Amino acid sequence: MRVCTQCKSLLSDEVATCPADGAAADLVETLPPGAQLGSYKIDKLLGEGGMGFVYEATHQGLGRRCAIKILRSELSRQGHVVTRFLQEAKAVNVIDHPNIINVYDYGEAPGGNVFFVMEYLEGETLDDLMMKRGPLPLTLLLPLFTQIAKALAAAHAKQIVHRDLKPPNVFVIAREDNPFFIKLLDFGIAQLRGEGEVKGLTVAGTVMGTPDYMSPEQVSGLAIDARTDVWAMGVMMYQAVTHRMPFQGEGFLQLAAQILQDSPPPPRQLNPSIPVELEKLITSCMERNVADRCQSITELLAGLERVKRAAKLDDGNILVEVKALAGPSAPVAPSLRKVSTSPPRVVSPSAPSHSAPAPTRNTGLLIAGAVIGVGLIGGVAYMLGRGDKAPAQATTAPAPTGSAATGSDTTPAGSGSAGMSIKEAFASNDLVMLRARAGATLREAIGSKTPQEQGQAVDAIAAVRDGKTAPLLYHALDGSPELRVKAARALAALALPESAAKLRAALAQSGDKVKVELAAALVRLGDNDAVAILKRSLSDPGMRLVAATALAEIGDKSGQPALTEIFDATPPGREQWLRAAQALVKLGDAKARKALEAELAQPDPLRAAAAAETLVAAGDEKAKNYLVRVAADPEYVQRGRASAALARIRDPRALEWVPTGLKSADVDERVLALSICGLLDTTNHDRELAALATDDPDRSVRLTAAAALL
C-alpha cells in the first residue's frame, strides 16, 4: 500500500505521487495514524496476524469509532483467501444476533487490499476473565454460557457452524445493566452450510480450529456439524469450573491422541462444589461419540436451565450476584499472576489471539491429520501451558523502571536528552546516553499493552545473552504466563545466581505448567529444591520434556526414560527430537549422538544446521568444524544460523558474516546478525546497530538492535 505523505490518502501501489496534491507517496506495510481509508480515518494499529492487520478507526461523517480488519497485500491477490476473509463479514451479518460482533461495512482499498469494518469493543476476553478469577462461580458461569449458547443457536439456525469456539474468541463487555455482556468473535473459519455457502473453501480431510477445543471428528478431519460447537462449549465449561484443560498433550499429535482416546477427570473430582447437574451437562457435551453427545445448542440451553433450577437460582438473584462480582471486590485466583489494575484494555475483535515472534508473521496452522503447513485463517493458536494459558491480549506487565544496566530510575542530564533517539544518542558520542536510550526502548516494550511486543522484547534480550539485561527480565516475570516462561529461559541462559530469588517469587505465583518451566530455570541455576518439582512432572505428558531436559543439564538421569521415548517416537529433525537428543547426548547416550551426527549429512540445510547447533552445545568438535565451514561459505543458505551458533560458543569467526547479515533484506538474518554483535560484545558495528534500532521497519529488529547496544 502507498499513503500520501501530505493528505494521508491511500493510493495504489504503482503511484509514486499523490494525484490530489502532488506529494510523495510512501510505500507502507501498516497504515500510519491519520491515513484515510474511504470514509474512515485510521487512529492506530491494534494488532496483526498471518492474514492481516486490525486498526482502530473513526468514521469521518458519523464520528463512530470502529475496528477495521485489512487483508495483507499478498493475500488480497488470492481469490480463495479473499473469499474466506469476507466470509467472516458475511457470516455475522447472516446471523444478526446481539451477542455476535457487528460488521458494518466492507470494501477494497486503492492498493487492492480487502477490508471490513467492525464494531469497536472495550473489555476483556473470556480467557482473561477466567485467568483472573479461577473457577467461575455458578452465578457468573450460567449467564455467560447462556449468552454464548444463544449466539451459537442463532448461528446454527442459519446453518453456520463456528468451528473455532474458544475463550479468546468470546469478548466480555459492559452493556446497559449487564457488566458481563457477551460478544462472540472470529467467524473467520465458520462453515456456511445454507444460503450463501461458498463451495470449495475446505479441503476434504482438513482440520481447522484450535487443538485444545477441537472435537474428535474435527481432529480426525471428518465431516463436522453443529455438534462440534457443542463439544467446544463442553471443553470451555470444563475449563471454567476446574480452571484446567481437560486434555493436556505436548504438541498437536499428543493432544489429538488424548482427545480421541482418553477421558479427563470428572469436573466434580477437581471442583466438588459444582452441582451434579452441571457435571452431567459438561460430560454430555464432551461425549466422544457424536451420537451420544448433547445433540444441539438448544438442548445445551435446556441443560443450563436445569442447572439453574437445581441450584434454586432465578434471573433476578443471578443479576444481583453478577453485579456484585463486577464490583471492586471481585475475587482473583490466588495461584495466578498478578493482574493489572489499570482501566479496561481495548482489544480489537478478531485480533490475533496469541503472541508470537514477528519474523514469520504466520499465526495459524492448517492441519490434515497432523500439521502439514502454514494455513490462512486463524488456525491453530497453540500455547504453552494450557493450565496456565495466556489470554488473547495478555495483561500488561508493570512498566519497568530504571536503566537496563543498573535498574535505577536515573536518566543522564542534558538538553533534550529524554527525547533523543538511539541514533541521536550514538551521534552525540555519549555512551551512557546511548545505553540509557537502548534500555528505555526495551523497558517500554516490556511495559507495553501489546503481548507481541512484550514477547519480542524478551526474545531480543535472550538473543544477546548479556547480564546487564537481567533487571528487564525480572520485570517480564510479572507478565503473562508465556512472557514469564521466556524470561525464565533467558535468565537461565545468563546463569546469574542472583536471579534465583526472582524466579522463586514468580514460581509461587504461577500455575502448574509455568511452575515447571520456572523450576527448570532454577535447577540450571543450582537450586536443588526445584528438582523435586521436575521429577514429579516427569509423569505429565505435557511437561515431561521440559522436566527431563532440565534434569539432564545437571546430570540427573531420572528423566532419561522419558527422553528416550520422545526421541524414539518423534521424526528426526523435529524440535522435540532435537531437544531430547541434546539432553540424551549430555547423559552420554551414544545412539542419540550418532543420530545427530547423521543429520549433518542431511541435504536439508535447516535440519543439518539444527543438528550442528545441538551437537556444538554438547561440546562436539566435529560439529563446530562443520559450522565454521558452512558459515564461511557464501553459497550456504543457513550461513547466518551457523554463524549465530558459533557466536553462542563465543567463536569470533561468527563476525565474518555480520556485515552481510546487517544489510540483509530478510528480517531473520538481520536479527541473527544483531544477536551475534550482542553475544560477542563487539562495538565495530555500533553505527549500524543504532540506525537499525531507530529506523528499521521491523519491530523485532529494532528491539534486538537495542539489546545488542546494551
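Residues numbered from 1 in each chain as written. Predicted model: local features only at pLDDT ≥ 70, side-chain atom pairs only at ≥ 80, totals over all residues. Heavy atoms only, no water.

Undergrad: When you look at the overall build of the chain in this model, what are you seeing that I'm missing?
TA: If you tally the helices and strands in the chain, you get 30 helices and 16 strands. A total of 710 residues make up the chain; the buried ones form 56% of that total. In the chain, once contacts between residues fewer than 6 apart in sequence are set aside, the share between residues at least 24 apart is 63%. Accessible surface for the chain amounts to roughly 28600 Å². Of this, 51% is attributable to carbon and sulfur atoms. (Helix = DSSP H or I, 4+ residues; strand = E, 2+ residues; numbered from the N terminus. Buried < 20%, exposed > 50% of the residue type's maximum accessible area, 1.4 Å probe, protein only. Contact = heavy atoms within 4.5 Å. Areas by Shrake-Rupley, 256 points an atom, 1.4 Å probe, with all protein chains shown as cover.)

Undergrad: Is there a simple way to think about the sheet that holds strand β13 (residues 178-184) in this case?
TA: Remark on secondary structure: sheet strands pair via backbone hydrogen bonds, oriented parallel or antiparallel. Strand order in the open sheet made by the three strands is β10-β12-β13, with antiparallel pairing throughout. If you trace the sheet from one side to the other, it starts and ends with β10 (124-125) and β13, each paired once. Examined bridge by bridge, β10 and strand β12 (residues 170-175) share two bridges and lie antiparallel to one another. When the sheet's bridge partners are listed, Glu124 is paired in β12 with Val172. (Pairing = 2+ DSSP bridges.)

Undergrad: I would appreciate a short explanation of the pattern of salt bridges in the present structure.
TA: Oppositely charged side chains can pair when the atoms bearing their charge come close. Tallied over the full model, the rule gives 29 salt bridges. Here Glu565 makes a salt bridge to Arg544, at a shortest N to O gap of 3.1 Å. Highlighted residues: Glu565 in helix α21 (residues 560-569) and Arg544 in helix α20 (residues 544-553), separated in sequence by 21 residues. According to the relative accessible area criterion, Glu565 is partly exposed, its value standing at 47%. Residues Arg641 and Glu613 are paired through a salt bridge, measuring 2.3 Å at the closest nitrogen-oxygen approach. On the criterion of sequence distance, the pair formed by Arg641 in helix α26 (residues 639-648) and Glu613 in helix α24 (residues 605-617) is long-range, its members being 28 residues apart. For Glu613, a relative accessible area of 19% puts it in the buried group. (Salt bridge = Lys/Arg side-chain N within 4 Å of Asp/Glu carboxyl O.)

Undergrad: Looking at this model, I keep getting lost on unusual backbone geometry. Mind explaining?
TA: Glycine aside, residues mostly have negative phi, and peptide bonds are mostly found in the trans state. With a phi angle near 65°, His243 is a residue other than glycine that sits in the positive phi range. Mapped onto the fold, His243 is located in the loop between α6 (227-242) and α7 (251-261). Of note in this structure, Lys312 is not a glycine but carries a positive phi near 55°. Checked against the element boundaries, Lys312 lands in the loop between α10 (297-310) and α11 (315-325).

Undergrad: It is not clear to me how α24 should be interpreted in this structure. Could you clarify?
TA: One turn of the α-helix equals 3.6 residues, which is why residues spaced by three or four share an orientation. If you check α24, its first and last C-alpha atoms are 18 Å apart, about what 13 residues at 1.5 Å a residue would give, namely 18 Å. Looking only at α24, the buried set comprises Ala608, Ala609, Ala610, Ala611, Ala612, Glu613, Thr614, Leu615 and Val616. Against α22 (575-586), α23 (590-599), α25 (621-631) and α26 lie the buried residues of α24. Just downstream of α24, Gly619 is the residue with a positive phi angle, here 85°. (Expected span 1.5 Å × (residues − 1).)

Undergrad: When you look at the environment of Ala460 in this model, what are you seeing that I'm missing?
TA: Structurally, Ala460 can be placed in helix α14 (residues 451-464). Taking the C-alpha atoms as reference points, Ala460 and Leu703, separated by 243 residues in sequence, lie 5.9 Å from one another. With residues up to four places along the chain from it excluded, the contact list for Ala460 reads Leu703, Thr704 and Ala707.

Undergrad: Teacher, can you tell me more about the packing of helix α9 (residues 276-285) against α10 here?
TA: When two helices pack together, their arrangement is given by the angle between the helix axes and by the axis-to-axis distance. Packing of α9 against α10 leaves a shortest axis separation of 9 Å and a crossing angle of 165°. Considered as vectors, α9 and α10 are oriented roughly antiparallel to each other. In this structure, α9 meets α10 at a crossing whose hand is left-handed. The residues of α10 that touch α9, namely those facing Glu277, Leu278, Leu281 and Cys285, are Leu300, Gly303, Leu304, Arg306, Val307 and Ala310. Residue composition of the contact of α9 with α10, by class: seven nonpolar, one polar and two charged. (Axes fitted to C-alpha atoms, helices over the stretch in contact; angles between N-to-C directions. Parallel < 35°, antiparallel > 145°, perpendicular 65-115°, else oblique. Left-handed = near helix turned anticlockwise from the far one by under 90°. Nonpolar A, V, L, I, M, F, W, Y, C, P; charged D, E, K, R; others polar.)

Undergrad: Teacher, can you tell me more about the packing of aromatic side chains here?
TA: Ring pairs (aromatic) are described by centroid distance and by the angle formed between their planes. On inspection of all chains with the given rule, the structure shows three aromatic pairs. Between Phe53 and Tyr55, the ring centres sit 6.4 Å apart and the planes meet at 40°, which makes this aromatic pair tilted. The two residues Phe53 and Tyr55 agree in class, both being buried. With centroids separated by 6.0 Å and ring planes inclined at 5°, the aromatic side chains of Trp231 and Phe247 adopt a geometry described as stacked. Within this pair, whereas Trp231 is found in helix α6, its partner Phe247 is found in the loop between α6 and α7, the two being separated by 16 residues in sequence. Note on accessibility: Trp231 and Phe247 belong to one class, buried. Arg64 extends its terminal NZ or CZ atom over the ring of Tyr104, reaching a point 3.8 Å from the ring centre. (Phe/Tyr/Trp six-rings, centres within 6.5 Å; stacked < 30°, edge-to-face > 60°. Lys NZ or Arg CZ within 6 Å of the ring centre and 35° of its normal.)

Undergrad: Whenever I open this one, helix α29 (residues 686-695) confuses me. Can you help?
TA: Three or more residues of α29 are buried, namely Asp686, Leu689, Ala690, Leu692 and Ala693. One side of α29 carries all its buried residues, which in axial view fall inside an arc of 165°. On its buried face, α29 is in contact with α12 (422-427), α27 (658-662), α28 (667-679) and α30 (699-709). (Arc of directions from axis to C-beta.)

Undergrad: Would you mind going over the confidence of the model for the chain with me for this structure?
TA: Detail in the predicted coordinates should be disregarded across regions flagged by low pLDDT. In this model, the chain carries an average pLDDT of 78, and 83% of its residues clear a pLDDT of 70 or more. Within the model, the stretch residues 189-208 combines pLDDT values under 50 with 59 contacts to residues more than four positions away or in other chains. Predicted confidence is poor over residues 328-418, with pLDDT under 50, and the contacts of this stretch with residues over four places away or in other chains come to 258 contacts. (pLDDT = per-residue confidence, 0-100.)

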